[in-house]
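# Tertiary structure, described
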Amino acid sequence: ARWIGLITVLMVFLSGCGKNHLSTLRPAGEVGQEQFNLMILSIIIMLFVVAVVTILFTLAVVRNRRSKRGEDFQPKDVASNHTLEVIWTAVPIVLLIILAVPTVYLVFKQADTSASVTEDGEVNPEETVINVRAYQYWWEFEYPAEGVVTSQDLVVPTDTRVYFNLLGADVKHSFWIPAAGGKMDTNIDGINSFYLIFDEDAAEETDRLFYGKCAELCGPSHALMDFKVTALAEEDYDQWLADMQAIEEPVQASSEDAQAGQEIFADSCMGCHATTSTGAGAMGPNLTNFADRELIAGYLEHNEENLQEWIRDPETLKPGNKMTGTYDLTDEEIELVSAYLMELSVEEGSGDLEALE
Ligand code: CUA
């Protein structure tokens, strides 16, 4: 009974406690499922090898014990055995072929992003194509065909291929959404491309929420380089895109504090942070939909207190980030700026995103 308890606890840990926002072991789509099946196949083959070797080893030890055969016993000295040599050469070759065929097939299948570009080499507007740029320590997501840019929050449609073009902005990072499959490096000297699929059913099970991670050691805050993935049904996804596209001018602050904050923001922050959905390639994360986010700096709970703490001392919260030391704001100014940022919302029509908060 004690063992059963232990195994139950272990299973809970392995399965990531209930909803699968972050586990490779319960794939959320076709790509992840294919990779999971490959893992199971290789584990079965490895277990088979371990079992055969362990049995042969144990047999050899047990059968040739001195206590059984007498002190002077010497096992037979065999120089060569043609049959055995053929078997231990052929069996591993067969096992490796069994592993290699589906592996090579999937590597090529999952790297096939040809549908994401048209014959003229342009982004195919019929497909979902997202350019990912990885920075120390945050993510930028550009929807080139739609002219939309976000950061930290990746929004994808379900039940379709989502093509990713990956690029590192400063050092090498790695883009990984464990539940959906992956991972792939974001290099600085060339674009890596692949696609993922998010099943509508799996998305419903997790309240449409998954998490992504940086999977390549990239500096002191590598472990904090997380991002949120929201998988929406197609019509909700289109609505979200339309809402984003509608923000062509920065949202005007409504409260008095926020208006004062907007002016401070324009002086101290706008050099790096865009507040319109088309602002790509700025130094810092795009903040167009900042108020709709679930996390601050990728990992802090989204509230005004944490936001002020983050603006006051980003170096402590995310060592090595590029924001530290680029501005000089008093506590009062920080309060006003955070009041402004908390008003940056785009979600007029997308009820699904609102339900997440
Ligand atoms: Cu970026 Cu680790």
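See above for the structure.
My aim in this report is to walk through the structure given alongside it, one point at a time. Predicted, not measured: the structure shown is a model, and the values here were computed from it. (Residues numbered from 1 in each chain as written. Predicted model: local features only at pLDDT ≥ 70, side-chain atom pairs only at ≥ 80, totals over all residues.)

### Considering the overall build of the chain
Counting its regular elements, the chain contains eleven helices and twelve strands. The C-alpha atoms of the chain give 27 Å as radius of gyration, which overshoots the globular expectation for 357 residues (21 Å, by more than 25%). By principal-axis analysis of the C-alpha atoms, the chain measures approximately 95 × 50 × 40 Å. Every one of the 357 residues in the chain was classed for burial, and the buried ones make up 32%. (Helix = DSSP H or I, 4+ residues; strand = E, 2+ residues; numbered from the N terminus. Rg over C-alpha atoms; globule rule 2.2 N^0.38 Å. Buried ≥ 20, exposed ≤ 12 C-beta atoms within 10 Å, placed from the backbone.)

### Looking at the sheet that holds strand S2 (residues 138-143)
The strands making up a sheet associate through backbone hydrogen bonding, with each pair oriented either parallel or antiparallel. On the basis of which strands lie adjacent, the open sheet formed by five strands has the order S3-S2-S1-S5-S8 and mixed pairing. Each having just a single partner strand, strand S3 (148-151) and strand S8 (192-197) make up the two edges of the open sheet. Geometrically, the sheet is characterised by an average inter-axis angle of 25° between neighbouring strands, direction not taken into account. Two strands pair when backbone bridges link them, and strand S1 (residues 128-135) and S2 are joined in this way by five bridges, in the antiparallel orientation. Each residue of the ladder has a partner; that of tyrosine 135, found in S2, is tryptophan 138. (Pairing = 2+ DSSP bridges. Axes fitted to C-alpha atoms, helices over the stretch in contact; angles between N-to-C directions.)

### What about the sheet that holds strand S9 (residues 209-214)?
Reading across from one edge, S4-S10-S9-S6-S7 is the order of the five strands in this open sheet, with mixed pairing throughout. Looking at the sheet topology across the chains shown, the edges are occupied by strand S4 (153-157) and strand S7 (181-186). Mean inter-strand twist for the sheet, computed between neighbouring axes without regard to direction, equals 25°. Note: S4 against strand S10 (residues 226-232), five bridges, orientation parallel. Paired with valine 156 across the two strands is alanine 231, which belongs to S10. In the packing of helix H6 (residues 234-245) onto the sheet, the strands contacted are S4 and S10, and the crossing angle to S4 comes to about 135°. (Contact = placed C-beta atoms within 7 Å.)

### With respect to the packing of helix H2 (residues 30-63) against helix H4 (residues 82-110)
Across the interface, H2 lies against H4 with an axial gap of 10 Å and an inter-helix angle of 165°. What the angle tells us is that H2 and H4 run roughly antiparallel. Where H2 crosses over H4, the two elements pack in a sense that is left-handed. Listed contacts from H4 to Val31, Glu34, Leu38, Leu41, Ser42 and Ile45 of H2 are Leu95, Ile98, Leu99, Pro102, Thr103, Leu106 and Gln110. Residues of the contact of H2 with H4, tallied by class, amount to nine nonpolar, three polar and one charged. (Parallel < 35°, antiparallel > 145°, perpendicular 65-115°, else oblique. Left-handed = near helix turned anticlockwise from the far one by under 90°. Nonpolar A, V, L, I, M, F, W, Y, C, P; charged D, E, K, R; others polar.)

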